[in-house]
Amino acid sequence: MNARTLLGTAARRLADAGVESPRVDAELLLAHALGVPRARLLTLAAVDGRAAERFETLLAQRADRVPLQHLTGHAAFRYLELAVGPGVFVPRPETEQLVSWVLEQLTGVAEPVVVDLGSGSGAIALSIAHEHPGARVTAVERDPGAIEWTRQNARARAAAGDTPVEVLAADMTDPGLLRELDGAVDLVVSNPPYVPDGARVPREVADHDPPLALWGGPDGLDVVRGLLRTAARLLRPGGALGIEHADAQGETLPAVVRAHGGFTEVDDHPDLAGRPRYTTARRVG
Ligand code: GLN
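The rules we used
Residues numbered from 1 in each chain as written. Predicted model: local features only at pLDDT ≥ 70, side-chain atom pairs only at ≥ 80, totals over all residues. Heavy atoms only, no water. Near = heavy atom within 4 Å. Polar contact = N/O pair within 3.5 Å; in protein donor to acceptor, adjacent residues only side chain to side chain. Areas by Shrake-Rupley, 256 points an atom, 1.4 Å probe, with all protein chains shown as cover. 1 Å grid on protein atoms, 1.4 Å probe; cavity = no way out; pocket = protein on both sides within 12 Å on 5 of 7 lines; lining within 4 Å. Sits in = over half its atoms within 2 Å of the grid points. Nonpolar A, V, L, I, M, F, W, Y, C, P; charged D, E, K, R; others polar. Helix = DSSP H or I, 4+ residues; strand = E, 2+ residues; numbered from the N terminus. Contact = heavy atoms within 4.5 Å. Points joined across faces, edges and corners; volume = space filled by probe spheres on them. Expected span 1.5 Å × (residues − 1). Buried < 20%, exposed > 50% of the residue type's maximum accessible area, 1.4 Å probe, protein only. Pairing = 2+ DSSP bridges. Axes fitted to C-alpha atoms, helices over the stretch in contact; angles between N-to-C directions. Salt bridge = Lys/Arg side-chain N within 4 Å of Asp/Glu carboxyl O. pLDDT = per-residue confidence, 0-100.

### A word on the site of the ligand
Reasoning step 1: Phe89, Arg92, Asn191, Pro192, Pro193, Tyr194, Val195, Val205, Ala213 and Leu214 make up every residue found near the ligand.
Reasoning step 2: Tyr194 is positioned with one of its side-chain polar atoms (N or O) 2.9 Å from a nitrogen atom of the ligand.
Reasoning step 3: When the ligand sits alone it has 300 Å² of accessible area, and the protein chains cover 86% of it.
Reasoning step 4: More than half of the atoms of the ligand fall within 2 Å of the grid points belonging to the largest pocket.
Reasoning step 5: Considered class by class, the residues forming the shell around the ligand number 8 nonpolar, 1 polar and 1 charged.

This is the structure we're talking about:
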């Protein structure tokens, strides 16, 4: 089958199904069906019947709004390829900037103690360990479905030579969480569930990202309030806090952090698209 025709038809079908980036998704799924890198498609003339069948199966699922990353089985995040699938939140590019901020805070600190609250695939925690090998990172995840992926990715990165990340099954709002690290943590980072209950999200998100990773109560900040208590207890005086939030929370989240009383230097930062994306602060002391 002619590759160009196949891709053209596939992209139109995905566009009709409401997929946001139909051409790119069609190309990535065809590359996946063929078991080749996407760049190889440039010089590809024909697709054999077996691969075309595999492509058709993938395409039908993508048209039914199964996330692209569930179909390929991995998601790219900074320098890493993370395994993802049913049960775990697919890491998003807009979270990469938060990790850049984290790494800036850790510059010059040989062995910083870092805690990632609500780790999911482990994207944030494992990126920190990969890019700051001296860091002692703990990844906290409460969702039994998600933590299987945290563990799988942590094992894979350690096997690839990165500094091992400790994975802990626990609720980030539990007052007993990591008691042994009280006042000893240099940095707490989180991409918590922050979507306000009832908000409209794409089908890929609503039907496939785990609810525990998304929904944050009426204003989306319920989990954040509990997270702040944990962060205030764990952080040493002067320790840093970074929390991702929704586009509409660029003022409300900093206000909640200020209202807590235990933090200073509360700032908000945009993502690469210029939308308010994460709040940072420092533990008073
Ligand atoms: N940014 C996510 C979305 O696109 C929500 C992530 C979260 O709640 N942490 O739905």
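### Some details on the side chain of Gln249
Reasoning step 1: Here Gln249 lies in the loop between strand S7 (235-244) and helix H11 (252-260).
Reasoning step 2: Dropping the residues within four chain positions of it, Gln249 is found in contact with Tyr194, Pro196, Asp219, Gly220, Leu221 and Pro254.

### Some thoughts on the layout of surface pockets
Reasoning step 1: Of the volumes computed, that of the largest pocket is approximately 1,400 Å³.
Reasoning step 2: Around the largest pocket, the lining comprises 48 residues; the ones closest to its centre are Gln69, Arg92, Pro93, Glu94 and Val205.
Reasoning step 3: Of all the secondary structure elements, the ones that give two or more residues to the lining of the largest pocket are helix H2 (22-34), helix H4 (68-72), strand S1 (74-77), helix H8 (203-208) and helix H9 (211-214).
Reasoning step 4: Among the elements that make up the lining of the largest pocket, the one with the highest residue count is H2 (4 residues).
Reasoning step 5: Looking at the lining of the largest pocket residue by residue, the class counts come to 24 nonpolar, 8 polar and 16 charged.
Reasoning step 6: Of the voids in this model, the second largest pocket is the one considered here, and its volume is about 400 Å³.
Reasoning step 7: Lining the second largest pocket are 30 residues; nearest its centre among them are Gly118, Ser119, Glu141, Asn191 and Ala213.
Reasoning step 8: Of all the secondary structure elements, the ones that give two or more residues to the lining of the second largest pocket are helix H6 (123-131), strand S4 (136-141) and H9.
Reasoning step 9: The element contributing the most residues to the lining of the second largest pocket is H9, with 3 residues.

### Observations regarding helix H1 (residues 3-16)
Reasoning step 1: Here H1 contains 14 residues, and its C-alpha end-to-end distance of 20 Å stays within 8% of the 20 Å for a straight helix at 1.5 Å per residue.
Reasoning step 2: Those residues of H1 not exposed but buried are Ala3, Leu6, Leu7, Gly8, Ala10, Ala11 and Leu14.
Reasoning step 3: Among the structural elements, H2 and helix H3 (49-63) are those in contact with the buried residues of H1.
Reasoning step 4: At the N-terminal end of H1, a side-chain oxygen is found 3.0 Å from the backbone nitrogen of Arg4, two or three residues along, and the residue is Asn2.
Reasoning step 5: Directly after H1, the chain includes Gly18, whose backbone phi takes a positive value near 90°.

### Remarks on the sheet that holds strand S3 (residues 113-117)
Reasoning step 1: Taken in spatial order, the 7 strands of this open sheet run S5-S4-S3-S6-S7-S9-S8, and their pairing is mixed. The open sheet has two edge strands, strand S5 (166-169) and strand S8 (263-270), and neither has a second partner. Between one strand and the next, the sheet's axes are offset by a mean angle of 15°, whatever the strand orientation.
Reasoning step 2: Looking at chain direction, S8 and strand S9 (residues 276-283) are connected through 6 bridges and run antiparallel. Bridging across to S9, Phe263 finds its partner in Arg283.
Reasoning step 3: The strands touched by H6 are S3, S4 and strand S6 (185-190); relative to S4, the strand with the most contacts, the crossing angle is about 170°.

### Considering the pattern of salt bridges
Reasoning step 1: Overall, the coordinates contain 22 salt bridges when judged by the stated rule.
Reasoning step 2: A salt bridge links Asp271 to Arg277, with the nearest nitrogen and oxygen atoms 3.0 Å apart.
Reasoning step 3: Here Asp271 falls in the buried class, since its relative accessible area comes to 6%.
Reasoning step 4: A residue is classified by how much of its surface remains accessible, and Arg277, at 3% relative accessible area, is buried.
Reasoning step 5: One network of salt bridges, in which partners are shared, links Asp25, Arg62, Arg65 and Glu204.

### Details of the environment of Thr280
Reasoning step 1: Among the structural elements, Thr280 can be located in strand S9.
Reasoning step 2: Exposure remark for Thr280: the relative accessible area of 5% places this residue in the buried category.
Reasoning step 3: A C-alpha to C-alpha distance of 30 Å links Thr280 and Arg155, two positions 125 residues apart in sequence.
Reasoning step 4: Contacts of Thr280, omitting those with residues within four sequence positions, involve Trp101, Leu241, Gly242, Glu265, Val266, Asp267 and His269.

### Observations concerning the confidence of the model for the protein
Reasoning step 1: The pLDDT averaged across the protein works out to 97; a share of 100% of its residues lies at or above 70.
Reasoning step 2: Averaged over each element, pLDDT in the protein is lowest for H1 (96) and highest for S3 (99).

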